[in-house]
Amino acid sequence: MTNQEPILKVENLTKIFISGLINIVTVSAVSDVSFTIDEGEVVSLVGESGSGKSTTANIILKLMPPTSGQVFLQGKDIFSIRKRTDFYKKVQVVFQDPYASFNLVYKIDRVLYNAFNLRKGSFSKHEKKEIIIETLSKIGLNADEVLGRYPHQLSGGQLQRFLLARVLIIKPILLIADEPTSMIDASSRAGILNLLEELRKDENFSVLFITHDIAQAQYISTKVCVMKNGEIVETGLNETVFGHPQHPYTQALLDSVPDLHSRWEL
Amino acid sequence: MSKNLLIVEDLRGYYTGAFQVYGVDGVTFNMSEGEILGLAGESGCGKSTLAELISGAPRPLLLYESGRVQVHEYDIYQIDEELLRTEVKCKIMSYVPQASMESLNPVKRIIDFIMDVVRERTRKKPSKKEIINLAAEHFTRVGLDKDVLKRYPHELSGGMKQRAVIAISTLWNPSLLIIDEPTSALDVTSQKQMIKMLYDLKKEQIIKSILFVSHDIASLRQLCDRCLIMYCGVVVETGKMDDIINEPLHPYTQGLVSSIVSFNPDGTRPAVLRSIPGDQPDLRNPPPGCRFHPRCLQAMTHCKKFEPPMLQLPDKKDHDVKCWLFKK
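First, a word on what this report is: a plain description of the structure on this page. (Residues numbered from 1 in each chain as written. Chains lettered and ligands numbered in written order. Predicted model: local features only at pLDDT ≥ 70, side-chain atom pairs only at ≥ 80, totals over all residues. Heavy atoms only, no water.)

### As for a nonpolar patch on the surface
Stated precisely, the cut-off is as follows: What goes into a patch is any residue over 30% in relative accessible area without a salt bridge, connected to like charges within 9 Å or, for nonpolar side chains (Val, Leu, Ile, Met, Phe, Trp, Tyr), within 5 Å. Exposure was quantified through the Shrake-Rupley algorithm and a 1.4 Å probe, taking into account, for residues, occlusion by the shown protein chains and nothing else. Throughout this description, the term salt bridge denotes a Lys or Arg side-chain nitrogen within 4 Å of a carboxyl oxygen of Asp or Glu. Only protein chains enter the calculation, and the probe is 1.4 Å; a residue is then buried if its accessible area is under 20% of its type maximum, exposed if over 50%, and partly exposed in between.
On the surface, Ile16, Ile18 and Ile24 of chain A cluster together into a nonpolar patch covering about 290 Å² of accessible area. According to the relative accessible area criterion, Ile16 of chain A is partly exposed, its value standing at 34%.

Below, the structure is given as structure tokens:
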């Protein structure tokens, strides 16, 4: 792995938000964040609300420019990639709220058909349909049940799976999952996480998994970055960070996570 | 067994509109004094609806249909509304709804808000000094400074507002505190403080019992003695918290418990979890028979036609389950 270029390399990323005209208030949402994601890795960004996890993700997705710092995708500065489609062929995202990811006016099929614009090669309509049906069966959705429906007719879990199907059609090298399960029922949540892990193994893409739920981060990730007030306070392998936390903040954080199989001494 | 504090019998409530949606469809349980009872279930299963109906203050569009809710000697849907408002609410039973921190008045200082509450509940007009004396003690008990009384809600953090609301709702030391998802809007570190605070309130005998509504079973586990599991408007299993987690009986509870992503403090990665196939049914048109049968792997033909009764198990004390599998 040493001579191989990491999939994603984030270097000294900083984002400062400025608001106000006369009384200017500055908030540094992300300050001096650096980490790398290698091929096939699942890296979790863990932190409480307001710690800058989603801002980091938005910068990596080129949804907002950083104040300073650089992001390299396979060694190439992402802000030098001019053509948007070139970038989004390689980096894809699943957001928190599945309902907000769909246009309510259109049938959900449109999302999958449009996804072919970001896939290499040209396909006839018939080929597209075949690929879609095959992909949907891979993620455990019955094509007859979901195709031709509108977003409000499906549950959050189904829509989130559907968005994963879209990712599979595009075949990116990096998937950014920003709290993908927080709006899904507890009983379906494990299914989505298992599916994500399975697909990652089959398709061999890397994942940046953003969550406030420490249990989920432990369940899915290989590497963990703990964020606090815009900074990464601790980073390391899953077993090391969660088994032997070094930073006092990580220790306090892990100490507060309720465990299903034991009680706190209150 | 100590005396019953809360008796709920065959309670039904529905939302009106184009359809009648039964959010709570025949729920029966008892709660004894000194008990912390958990109410767990997924979103949309009716747990908040149940809490609202028990509180006697269902929001518009939610209507009480039938059943009995008895708190101490008061049958809250039979007594006069004025009596309910001045004698039962806040004094015997307090209800802290979900996102209750938003219920503070944004244009009033906390102390003025408390004045309003006291005036409304007692129909007396106490002086500001009396209120400060009364409230300051409660505020320090929940870990808030006395100065907070003079602040506006926007000057407080989410956790502080939540504490303030809990302090206000326990001003008269009610026997029962119904608290709906107190931890879900908070960060993990504040969640632990919140659970510790509830525990301390009970330890200091400010409140005697808690009905703790939450979707987060790992949090419930830290506090509750007993637990109700709700699915699709009905209670499917009740039992001691430890029994529910260690030996769940109802297929739904089994699926739910085995699908919870739980943190392992020793650093080993958790085993692969299973999830329940399918989705929750539409409450407008619940499935006949057992409501869980379309997703149940052990469903029999009997389950599809007849609704199972709540069964008391002879070999397990205090562990009831609503499932045909246990009918001998």
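On we go.
### Side note on the sheet that holds strand β2 (residues 25-37) of chain A
Residues and elements named next belong to chain A. Where we set the bar: At least two bridges found by DSSP between two strands is the condition for calling them paired. Only DSSP runs of H or I reaching four residues or more are called helices, and only runs of E reaching two or more are called strands; each is numbered from the N terminus. In what follows, a contact means two residues having at least one pair of non-hydrogen atoms within 4.5 Å. Note on geometry: axes are C-alpha line fits, over the in-contact stretch for helices, and angles between N-to-C directions span 0 to 180 degrees.
As summarised here, the arrangement of the four strands in space is β2-β1-β4-β5, forming an open sheet in which the pairing is antiparallel. The outermost strands of the open sheet, each flanked by one partner alone, are β2 and β5 (76-77). Relative to strand β4 (residues 68-73), strand β1 (residues 8-19) is paired through five bridges, and the arrangement is antiparallel. When the sheet's bridge partners are listed, Leu8 is paired in β4 with Leu73. Its contacts with the sheet put helix α1 (residues 53-60) on β1, β2 and β4, and the angle it makes with β1 is roughly 115 degrees.

### As for the nonpolar core
Where we set the bar: Put simply, buried Ala, Val, Leu, Ile, Met, Phe, Trp, Tyr and Cys residues joined by side-chain atoms within 4.5 Å make one nonpolar core.
Counting residues in each nonpolar core, the largest one holds 84 residues, and the members touching the most others are Leu8, Phe35, Leu136, Ile176, Leu208 and Ile214 of chain A. Ignoring any residue separated from it by four or fewer positions in sequence, one finds Leu8 of chain A in contact with Phe35, Thr36, Ile37, Ile60, Val71, Phe72, Leu73 and Leu174 of chain A.

### Points about the packing of aromatic side chains
The line we're drawing: Only centres within 6.5 Å qualify two rings of Phe, Tyr or Trp (six-membered ring in Trp) as a pair; their planes then separate them into stacked at under 30 degrees, edge-to-face at over 60, and tilted for everything else. We call a charge positioned over a ring when the NZ of a Lys or the CZ of an Arg lies within 6 Å of the ring centre and within 35 degrees of the ring normal.
Throughout the structure, instances matching the rule amount to nine aromatic pairs over all chains. Judged by centre distance (5.5 Å) and plane angle (50 degrees), the rings of Tyr14 of chain B and Tyr22 of chain B are tilted. Residue class for Tyr14 of chain B comes out buried when judged on its relative accessible area of 13%. For Tyr22 of chain B, a relative accessible area of 23% translates into the label partly exposed. Taken together, a centroid distance of 3.8 Å and an interplanar angle of 5 degrees make the contact between Tyr64 of chain B and Tyr77 of chain B stacked. Of the two residues, Tyr64 of chain B sits in strand β4 (residues 62-71) while Tyr77 of chain B sits in the loop between β5 (74-75) and α2 (81-88), which places them 13 residues apart along the sequence. Using a relative accessible area of 25% as the deciding quantity, one classes Tyr64 of chain B as partly exposed. An aromatic cluster of at least three residues, connected via ring pairs, comprises Tyr231, Tyr252 and Phe292 of chain B. Positioned above the aromatic ring of Phe87 of chain A is the side chain of Lys62 of chain A, whose terminal nitrogen or guanidinium carbon lies 5.2 Å from the ring centre. Positioned above the aromatic ring of Tyr106 of chain A is the side chain of Arg110 of chain A, whose terminal nitrogen or guanidinium carbon lies 3.7 Å from the ring centre.

### Overview of the environment of Thr240 of chain A
All names here are of chain A. Turning to its location among the elements, Thr240 is positioned in helix α9 (residues 238-243). Relative accessible area serves as the criterion here: at 41%, Thr240 is assigned to the partly exposed category. Between the C-alpha atom of Thr240 and that of Leu254, which follows or precedes it by 14 residues, the distance is 13 Å.

Geometric descriptors of this kind do not, in isolation, establish any biological role.
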